[in-house]
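# A look at the structure
Each chain, written out:
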Amino acid sequence: GNGDEIDRLGQAFNAMATQLGAMLRGQRVLLTNVSHELRTPVARMRVLVELLGERLTNLPDPEHPVAARLRRGITEMGEDLIELEGLIGDLLTSGRLDLAGAPALQRQPTELQPLLTRAAARVGARVRCEPATLTAELDVVLIERLLANLLHNARRACPEGQIDITAGSDGVTLTLGVEDEGPGIAPGERAQIFDPFTRLDAARARDHGGVGLGLYLCRQIAQAHGGTIAAEDRLDGARGARLVLRLPLAAPAPAPAIPGP
């Protein structure tokens with residue numbers, strides 16, 4: 001009867017879901033292993049590019065147009081290899097988060113102000129942390145990776161503009177915001193920028209790059225902490241992007257039980 005057919009259909013769907021899950025896990029393992037193997041040749045290429053750069057400075061006529069062209073090409077190769085190393089690192093971190101399902105984070109009580117100040121120094125961002133003593137249970141390595149990706153994107157969007165990192169808490173949720181003065185992200189694109197290998201619009205990707213796993217990895221790190229990440233309007237309404245991470249603060253310890261009479 002109809003019930004039997006529905007049962008069979010349900011079983012077929014379950015079998016298909018199991019097969020798909022196994023295939024995806026296999027692909028993630030393969031991608032992680034390939035990424036790991038790529039690290040050595042890329043590191044070797046970085047060393048070779050640096051050696052070539054040094055040799056070019058020792059040419060009899062270092063200002064010759066051909067030498068200048070070679071220097072420019074080697075500089076660009078070096079930049080591309082740095083980008084490639086970053087992408088491989090993101091793939092490996094992403095693979096670890098994916099494969100673990102609900103990963104065991106290395107959480108520790110972390111003061112936000114020093115963490116944000118360290119991250120901000122790399123791109124010359126301003127930090128506002130209220131209260132200054134704000135702490136949360138975080139996996140510091142992953143949150144530092146997330147901040148580095150957000151700040152790298154912000155600086156690429158506005159090479160000369162101001163970048164701000166803000167941190168605050170309402171006692172339940174930790175809110176971290178990164179704002180830039182770039183062209184902003186159109187409302188219609190704000191959800192998809194967190195998908196892997198999505199190109200931000202042309203205004204935010206003027207240089208080579210602008211494609212990768214950076215924001216996808218940020219979403220994975222946010223979700224692993226039980227939180228969310230979203231692109232929003234700047235708080236002051238000015239032009240630019242605001243990326244907001246919201247994480248639940250560690251639940252307070254349960255109150256001691258009141259003994260009965």
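Residues numbered from 1 in each chain as written. Predicted model: local features only at pLDDT ≥ 70, side-chain atom pairs only at ≥ 80, totals over all residues. Heavy atoms only, no water.

### Digging into the environment of Thr32
By the secondary structure assignment, Thr32 is in helix 1 (residues 2-57). On the accessibility criterion, Thr32 (15% relative accessible area) is buried. Taking C-alpha positions, Thr32 is 8.8 Å from Thr93, a pair spaced 61 residues apart along the chain. (Helix = DSSP H or I, 4+ residues; strand = E, 2+ residues; numbered from the N terminus. Buried < 20%, exposed > 50% of the residue type's maximum accessible area, 1.4 Å probe, protein only.)

### Description of the packing of helix 3 (residues 112-121) against helix 4 (residues 140-157)
If you want to describe how two helices pack, look at the angle between their axes and the distance between the axes. Interhelical geometry of helix 3 versus helix 4 gives an angle of 40° and a closest axis separation of 10 Å. Overall, the two elements helix 3 and helix 4 adopt an arrangement that is oblique. The way helix 3 lies across helix 4 gives a crossing that is right-handed. Mapping the contact onto sequence places Leu115, Leu116, Arg118, Ala119 and Ala120 in helix 3 and Val140, Ile143, Glu144, Leu147 and Leu151 in helix 4. (Axes fitted to C-alpha atoms, helices over the stretch in contact; angles between N-to-C directions. Parallel < 35°, antiparallel > 145°, perpendicular 65-115°, else oblique. Left-handed = near helix turned anticlockwise from the far one by under 90°. Contact = heavy atoms within 4.5 Å.)

### Some details on the confidence of the model for the protein chain
Averaged over the protein chain, the pLDDT score is 82; the fraction of residues at 70 or greater is 85%. This stretch, residues 251-255, has a pLDDT under 50; its non-local contacts, to residues over four places away or in other chains, come to zero contacts. (pLDDT = per-residue confidence, 0-100.)

### Section: a nonpolar patch on the surface
Judged by side-chain polarity, Leu9, Phe13, Met16, Leu20 and Met23 come together as a nonpolar surface patch covering roughly 510 Å² of accessible area. Note on placement: Leu20 falls in helix 1. (Patch = residues over 30% accessible without salt bridge, like charges linked within 9 Å, V, L, I, M, F, W, Y side chains within 5 Å. Areas by Shrake-Rupley, 256 points an atom, 1.4 Å probe, with all protein chains shown as cover. Salt bridge = Lys/Arg side-chain N within 4 Å of Asp/Glu carboxyl O.)

### Some thoughts on helix 4
For helix 4, with 18 residues, the first-to-last C-alpha span of 26 Å sits near the 26 Å given by 1.5 Å per residue. Restricting attention to buried positions, one finds in helix 4 the residues Val140, Leu142, Ile143, Leu146, Leu147, Asn149, Leu150, Leu151, Asn153, Ala154, Arg156 and Ala157. (Expected span 1.5 Å × (residues − 1).)

### Points about the packing of helix 4 against helix 5 (residues 214-224)
Closest axis-to-axis distance for the helix 4/helix 5 pair is 9 Å, and the angle between their directions is 145°. For the element pair helix 4 and helix 5, the recorded crossing hand is left-handed. Contacts between helix 4 and helix 5 involve Leu142, Ile143, Arg145, Leu146, Asn149, Leu150 and Asn153 from the first element and Gly214, Leu215, Leu217, Cys218, Ile221 and Ala222 from the second. Broken down by class, the residue content of the contact of helix 4 with helix 5 amounts to nine nonpolar, three polar and one charged. (Nonpolar A, V, L, I, M, F, W, Y, C, P; charged D, E, K, R; others polar.)

### With respect to the side chain of Asp180
Considering the arrangement of structural elements, one finds Asp180 in the loop between strand 5 (173-179) and helix 5. At 2.8 Å, the side chain of Asp180 and the backbone nitrogen of Gly182 are in polar contact. (Polar contact = N/O pair within 3.5 Å; in protein donor to acceptor, adjacent residues only side chain to side chain.)

### Points about unusual backbone geometry
With an omega dihedral of -5°, the bond running from Glu130 to Pro131 counts as a cis peptide bond. Summarising the element assignment, Pro131 is placed in the loop between strand 2 (126-129) and strand 3 (135-139).

### Considering the side chain of Arg242
Here Arg242 lies in strand 7 (residues 242-248). When neighbours within four sequence positions are excluded, Arg242 is seen to be in contact with Thr166, Thr175, Gly177, Val178, Glu179, Ala230, Ala231, Glu232, Asp233, Arg234 and Leu235.

### What to know about helix 3
Within the sequence span of helix 3, burial applies to Leu112, Leu115, Leu116, Ala119 and Ala120. Along helix 3, the residues classed as buried sweep out an arc of 125° about the axis, all on the same side. Residues of helix 3 that are buried sit in contact with strand 1 (107-111), strand 2, strand 3, helix 4, strand 4 (164-169) and strand 5. (Arc of directions from axis to C-beta.)

### As for the sheet that holds strand 6 (residues 228-232)
The strand order 2-4-5-7-6 describes an open sheet built from five strands, whose pairing is mixed. The two strands at the open ends of the sheet, each matched to only one other strand, are strand 2 and strand 6. Across the sheet, the mean angle from the axis of one strand to that of its neighbour is 15°, orientation sign disregarded. Two elements, strand 6 and strand 7, share five bridges in a ladder whose sense is antiparallel. Bridged to Ala231 within strand 7 is Leu243. Of the strands in this sheet, strand 2, strand 4 and strand 5 are in contact with helix 3, which crosses strand 2 at around 170°. Against the sheet, helix 4 makes contact with strand 4, strand 5, strand 6 and strand 7, and its axis sits at roughly 165° relative to strand 7, the strand it touches most. (Pairing = 2+ DSSP bridges.)

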